[in-house]
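Listed below are the residues making up each chain.
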Amino acid sequence: ARACFLNCAVFMLWQAGERMEAKALLEEMAVARLTNRVSRRLAEKLGVQEGYLASAAASAKKSSGLKWMERREKTSSIERSHSKELSLLQSILALPSIEPECVLAEIEDFGLKRQWIKVAGGEKAAVVETVVMASKPRSVLEYGVYVGYTAIRIALYVRP
């Protein structure tokens, strides 16, 4: 779960144009052995050469100074209670495309094949789509969002 949060931080740094800081955080993650396939994909998008993170981790003599390293073996209550959602987030961040249809397909696949998650897919999704298409709203407020599945589905039909 720590890798997930750190990958999100790397992504946000990258999106904010802070490429050097994003690369530095990835390197620290490698030293702390907290990288995963999402980290490697982010490194690729940042132009970090393949194998650099592994060599950084291998050549690091000490991992002192890394704030998350000392607690790495412990699991926080947030990690325990939201591990399913964090796994889903990791899966979405690893997608080759962030098009809404791809994200929806990944959420459905995750819920059907990996870990059950409560989303309004299948017949319920068809009902939501039918109602939205029939009413043609210009704006929608969804109350009670879980992972954003229905909000994304609704947004597909509310686009201007």
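The residue numbers shown here count from 1 along each chain, following its written sequence. At least 70 in pLDDT is required for a residue's local features to be given in this predicted model, at least 80 for side-chain atom pairs to be given and counted, and no such filter applies to totals for whole chains, interfaces and linings, which use all residues. Computation of side-chain values: all heavy atoms of the structure, hydrogens and water removed.

**Topic: the pattern of salt bridges**
Take a side-chain nitrogen of Lys or Arg and a carboxyl oxygen of Asp or Glu: if they are within 4 Å of each other, that pair is a salt bridge. Enumeration over the complete set of coordinates arrives at 5 salt bridges. Across the salt bridge formed by R153 and E108, the nearest N and O atoms sit 2.8 Å from each other. Of the two residues, R153 is situated in helix α9 (residues 149-158) and E108 in helix α7 (residues 100-114); the sequence distance between them amounts to 45 residues. Each residue is placed in one exposure class: buried if its accessible area under a 1.4 Å probe, protein chains only, is under 20% of its type's maximum, exposed if it is over 50%, and partly exposed if it falls in between. Since its relative accessible area comes to 28%, E108 is described here as partly exposed. Each of the salt bridges in this network shares a partner with another, and the network as a whole consists of E106, D109, K113 and R114. Under the DSSP-based scheme used, a helix requires at least four consecutive residues in state H or I and a strand at least two consecutive residues in state E, with every element numbered from the N terminus.

**Quick notes on the side chain of R153**
R153 sits in the buried class, given a relative accessible area of 12%. Polar contacts here mean pairs of N or O atoms no more than 3.5 Å apart (in protein, one a potential hydrogen donor and the other a potential acceptor; neighbouring residues in sequence count only if both atoms are side-chain atoms). Within the structure, R153 has its side chain in polar contact with the side chain of E108 (distance 2.8 Å). Polar side-chain contacts of R153 include one of 2.9 Å to the side chain of Y149. For this analysis, residues touch if any pair of their heavy atoms sits within 4.5 Å. With near-sequence residues (within four places) excluded, R153 lies in contact with L104, E108, A125 and E129.

**What to know about the environment of L156**
Along the chain, L156 falls in helix α9. Each C-alpha atom, one on L156 and one on E101, is 8.6 Å from the other, the two residues being 55 residues apart in sequence. When sequence neighbours within four positions are dropped, the list of residues in contact with L156 reads P100, E101 and L104.

**Considering helix α3 (residues 37-45)**
Regarding α3, the residues found buried are V38, S39, L42 and A43. Viewed end-on, α3 has its buried residues packed into an arc of 140°, placing them on one side of the element. Those residues of α3 that are exposed and aimed more than 90 degrees away from the buried face are R37 and E44. Of the residues flanking the start of α3, the one acting as N-cap is N36, its side-chain oxygen 3.0 Å from the backbone nitrogen of V38. At the C-terminal side of α3, G47 shows a positive phi close to 80°. What the arc measures is the spread of directions leading from the helix axis to the C-beta atoms.

**Thoughts on the packing of aromatic side chains**
Aromatic pairs are defined between Phe, Tyr and Trp rings, using the six-membered ring for Trp, whenever the two ring centres lie within 6.5 Å; interplanar angles under 30 degrees are classed as stacked, those over 60 as edge-to-face, and all others as tilted. Using the criterion set out here, one finds 1 aromatic pair in the structure. Aromatic side chains F11 and W14 sit 5.7 Å apart centroid to centroid with 75° between the ring planes, which places their arrangement in the edge-to-face category. Taken as a pair, F11 and W14 lie in helix α1 (residues 2-15) at a separation of 3 residues, close to a single helical turn.

**Overview of unusual backbone geometry**
Here K136, not a glycine, exhibits a phi torsion of approximately 45°, which is positive. Within the fold, K136 resides in the loop between α8 (123-135) and α9.

**Brief notes about α9**
Taken as a whole, α9 has its buried residues at Y149, T150, R153, I154, L156 and V158. For α9, the secondary structure elements touched by its buried residues are α7 and α8.

**Observations regarding the packing of α1 against helix α2 (residues 19-31)**
Between the N-to-C directions of two axes lies an angle of 0 to 180 degrees, each axis being a line fitted to C-alpha atoms and, for a helix, fitted only over the stretch in contact. Their axes nearest at 7 Å, the elements α1 and α2 cross at an angle of 160°. Compared by their axis directions, α1 and α2 come out roughly antiparallel. Between α1 and α2 lies a crossing whose hand is left-handed. In this structure, α1 uses A3, L6, N7, A9, V10, L13 and W14 to contact α2, whose residues at the interface are R19, E21, A22, L25, L26 and M29. Here the residues of the contact of α1 with α2 are counted per class, giving 10 nonpolar, 1 polar and 2 charged. When describing relative orientation, an angle under 35 degrees is termed roughly parallel and one over 145 degrees roughly antiparallel, while 65 to 115 degrees is termed roughly perpendicular and anything else oblique. In a left-handed crossing the near helix is turned counterclockwise from the far helix by less than a right angle, and in a right-handed crossing that turn is clockwise. Polar here means any residue outside two lists: the nonpolar Ala, Val, Leu, Ile, Met, Phe, Trp, Tyr, Cys and Pro, and the charged Asp, Glu, Lys and Arg; Gly therefore counts as polar.

**Observations concerning the nonpolar core**
Judged by nonpolar contacts, the single largest core of 16 residues is most densely connected at V10, L26, M29 and L46. Contributions of two or more residues to this core are made by α1, α2 and α3. Sort the elements by how many residues they give to this core and α2 lands first, with 5 residues. Leave out the neighbours within four places in its chain, and V10 touches A22, L25, L26, M29, L42 and L46. By convention a nonpolar core is built from buried Ala, Val, Leu, Ile, Met, Phe, Trp, Tyr and Cys residues, the set being connected through side-chain atoms within 4.5 Å. Counting 11 residues, the second-largest nonpolar core is a separate cluster that includes L95, L104, F110 and Y149.

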